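Observations on chain architecture
The primary structure of each chain is shown beneath.
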Amino acid sequence: MALLKVKFNQKKRVKLAQGLWLMNWLSVFAGILVFSMGLFLKIELRKRSEVMDNSESHFVPNSLILMGILSCAFNGFAGKICYDSLDPAKFAKWKPLLKPYLALCFVFNILLFFVALICFLMRGSLDSTLAQGLKNGMKFYRDTDTPGRCFMKKTIDMLQIEFKCCGNNGFKDWFEIQWISNRYLDFSSKEVKDRIKSNVDGRYLVDGVPFSCCNPSSPRPCIQYQVTNNSAHYSYDYQTEELNLWRRGCREALLHYYSSMMSSMGAVVLLVWLFEMSVMVGLRLLHTSLESVTNPEDPECESEGWILENSLKDTFKSALENLKKMGKFNQVEADAGGAEGEEGGKTPAITTVS
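Residues numbered from 1 in each chain as written. Predicted model: local features only at pLDDT ≥ 70, side-chain atom pairs only at ≥ 80, totals over all residues. Heavy atoms only, no water.

Examining the packing of aromatic side chains
Using the criterion set out here, one finds twelve aromatic pairs in the structure. Arranged with centres 6.1 Å apart and planes meeting at 15°, the rings of Trp179 and Tyr225 form a pair that is stacked. Here Trp179, found in the loop between α6 (152–163) and α7 (190–197), pairs with Tyr225, found in the loop between α7 and α8 (250–291); they are 46 residues apart in sequence, far enough to count as distant. Given the relative accessible area of 8%, Trp179 is considered buried. By relative accessible area, Tyr225 is classed as partly exposed at 43%. Through pairs of rings, three or more aromatic residues link up here, namely Phe74, Phe77, Tyr101 and Phe108. (Phe/Tyr/Trp six-rings, centres within 6.5 Å; stacked < 30°, edge-to-face > 60°. Helix = DSSP H or I, 4+ residues; strand = E, 2+ residues; numbered from the N terminus. Buried < 20%, exposed > 50% of the residue type's maximum accessible area, 1.4 Å probe, protein only.)

In structure tokens:
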């Protein structure tokens, strides 16, 4: 028994074709939207590529761009088929291509669904990428005179100001690295010498943070040096004072920013996928309803359309049998090839009669 069998007359077939033509062109605009989202996400990721450890994060935008291009191509082609289906003479040239085209549409929709899922599932990968990238970026903050790294200070400062964050996981991360360049240290100073000697790696570590960690909304002037020293500041208690530094780490801020963006894009892609699935189902019904026309010379005659010619269970069994037959056929061909090779390898014995 056919799955979702529907009876059609000429009027219903025309309405279906016209409706699908409109839906296909709406899908083209949906494809442009998916392409635009991928392009926007790629640009946003490139803006902060210096604080990302690898290029795996670009898999999502690249996938969205590819799916957008394919959506425009497939739906533009389908729109032409639907338009020509109103004329039997024009539709005849498309008839042999419809089954392969529908198979490609099915594969495309599977890929589109997986891209939508990836948009929701990339958070973990993005988290590790940002954590390592920010850690490396903070190490290079002081290298303002090193070629290839001289921009890192500005990048980190602009990032902390824009996203209202400080450090990787928090402002204390700055206490663990030397973020002040040796160029600006007075090595004749006893304090500088003592700090460097007290560190195993010979680094100048301070309980301070860059200026970009300061919260301008705080009524108190920014305390960015000797943050943990209560006696260094008037009426100040490090444990209880509401610090005028950004509390949130930049990893968390960027992760929230990109995750929210990708989740929204994933929801849009899922809606596009549902729309594409409805277009594919409609195109299959149009294809089968036109193929089952008993008298092509009588356009008014009735026909039947369906999604699957047999039930889902029978179709699955048939597909498995076809796969088994293909496997056996390939095995027979391989055995035959091996036998021919063995026969070719044998050399006939030559006897001489004296």
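Describing the nonpolar core
If you look at the biggest cluster of nonpolar residues, it comprises 77 residues, and the most contacted ones within it are Leu41, Leu64, Phe171 and Trp174. Residue assignment for this core shows that the elements contributing at least two residues are α1 (10–47), α2 (59–84), α4 (98–121), α5 (123–139), α6, α7 and α8. With 16 residues, α8 is the single largest residue contributor to this core. The residues that make up this core include at least three from each of domain 1 (3–137 + 252–296) and domain 2 (171–245). (Core = buried A, V, L, I, M, F, W, Y, C linked by side-chain atoms within 4.5 Å. Domains from an automatic or database assignment.)

Structural notes on the state of the cysteines
Evaluated as defined, the whole model comprises three disulfides. Between Cys165 and Cys250 runs a disulfide, and the two sulfur atoms are separated by 2.1 Å. A torsion of 85° about the S-S bond marks the disulfide between Cys165 and Cys250 as right-handed. Of this pair, Cys165 sits in the loop between α6 and α7 while Cys250 sits in helix α8; the two residues are 85 residues apart in sequence, bridging distant segments of the chain. For the pair shown, Cys165 and Cys250 are each scored as buried. Across the disulfide, Cys166 is cross-linked to Cys213 (sulfur-sulfur distance 2.0 Å). The S-S bond linking Cys166 to Cys213 shows a torsion near 85°; that makes this disulfide right-handed. Taken together, the residues span a long stretch of sequence, with Cys166 in the loop between α6 and α7 and Cys213 in the loop between α7 and α8 at a distance of 47 residues. Residue class for Cys166 comes out buried when judged on its relative accessible area of 0%. Classification of Cys213 as buried rests on a relative accessible area of 0%. In the protein, the cysteines engaged in disulfides, taken in order along the sequence, are linked 1-6, 2-3, 4-5. (Disulfide = S-S within 2.5 Å.)

Describing the side chain of Ser212
Looking at the secondary structure, you find Ser212 in the loop between α7 and α8. For Ser212, a relative accessible area of 2% translates into the label buried. Side chain to side chain, Ser212 and Gln160 meet in a polar contact 2.6 Å long. (Polar contact = N/O pair within 3.5 Å; in protein donor to acceptor, adjacent residues only side chain to side chain.)

Digging into the UniProt feature "transmembrane region" (unreviewed entry) in the protein
In this structure's numbering, the residues bearing the UniProt feature "transmembrane region" (unreviewed entry) are residues 20–41, 101–122 and 255–275. The distance separating the terminal C-alpha atoms of residues 20–41 is 31 Å; by composition the span is 100% helix and 0% strand. As annotated, residues 255–275 has a helix share of 100% and a strand share of 0%, and its two end C-alpha atoms lie 30 Å apart. (UniProt positions renumbered as here; feature names shortened; annotations may be inferred.)

Description of unusual backbone geometry
Peptide bonds are mostly trans, and most non-glycine residues show a negative phi. Of note, Lys164 is a non-glycine position whose phi angle comes to about 50°, a positive value. The topology assignment puts Lys164 in the loop between α6 and α7. Lys164 sits in the partly exposed class, given a relative accessible area of 49%. Although it is not a glycine, Gln226 sits at a positive phi angle of roughly 50°. Inspection of the secondary structure puts Gln226 in the loop between α7 and α8.

A look at the pattern of salt bridges
For the coordinates displayed, the defined rule picks out nine salt bridges. One salt bridge connects Asp157 with Lys153, and the closest N-O pair in it is separated by 3.0 Å. With Asp157 and Lys153 both in helix α6 and four residues apart, the pair spans about one turn of that helix. The partner of Arg195 in a salt bridge is Glu191, and the shortest N-O contact between them spans 3.7 Å. You can see Arg195 and its partner Glu191 sitting in helix α7, four residues apart, about one turn around the helix. (Salt bridge = Lys/Arg side-chain N within 4 Å of Asp/Glu carboxyl O.)

A few points about the packing of α1 against α8
Here α1 crosses α8 at 155°, and the two axes come no closer than 9 Å. The orientation of α1 with respect to α8, classified from their angle, is roughly antiparallel. Regarding α1 and α8, the two cross each other, and that crossing is left-handed. Per-class residue counts for the contact of α1 with α8 are 26 nonpolar, five polar and three charged. (Axes fitted to C-alpha atoms, helices over the stretch in contact; angles between N-to-C directions. Parallel < 35°, antiparallel > 145°, perpendicular 65-115°, else oblique. Left-handed = near helix turned anticlockwise from the far one by under 90°. Nonpolar A, V, L, I, M, F, W, Y, C, P; charged D, E, K, R; others polar.)

Considerations on the packing of α5 against α8
Across the interface, α5 lies against α8 with an axial gap of 10 Å and an inter-helix angle of 145°. The element α5 and its partner α8 pack so that their crossing is right-handed. For the pair α5 and α8, the contacting residues are Arg123, Leu126, Asp127, Leu130, Ala131 and Leu134 in the first and Cys250, Arg251, Leu254, Leu255, Tyr258, Ser259 and Met262 in the second. (Contact = heavy atoms within 4.5 Å.)

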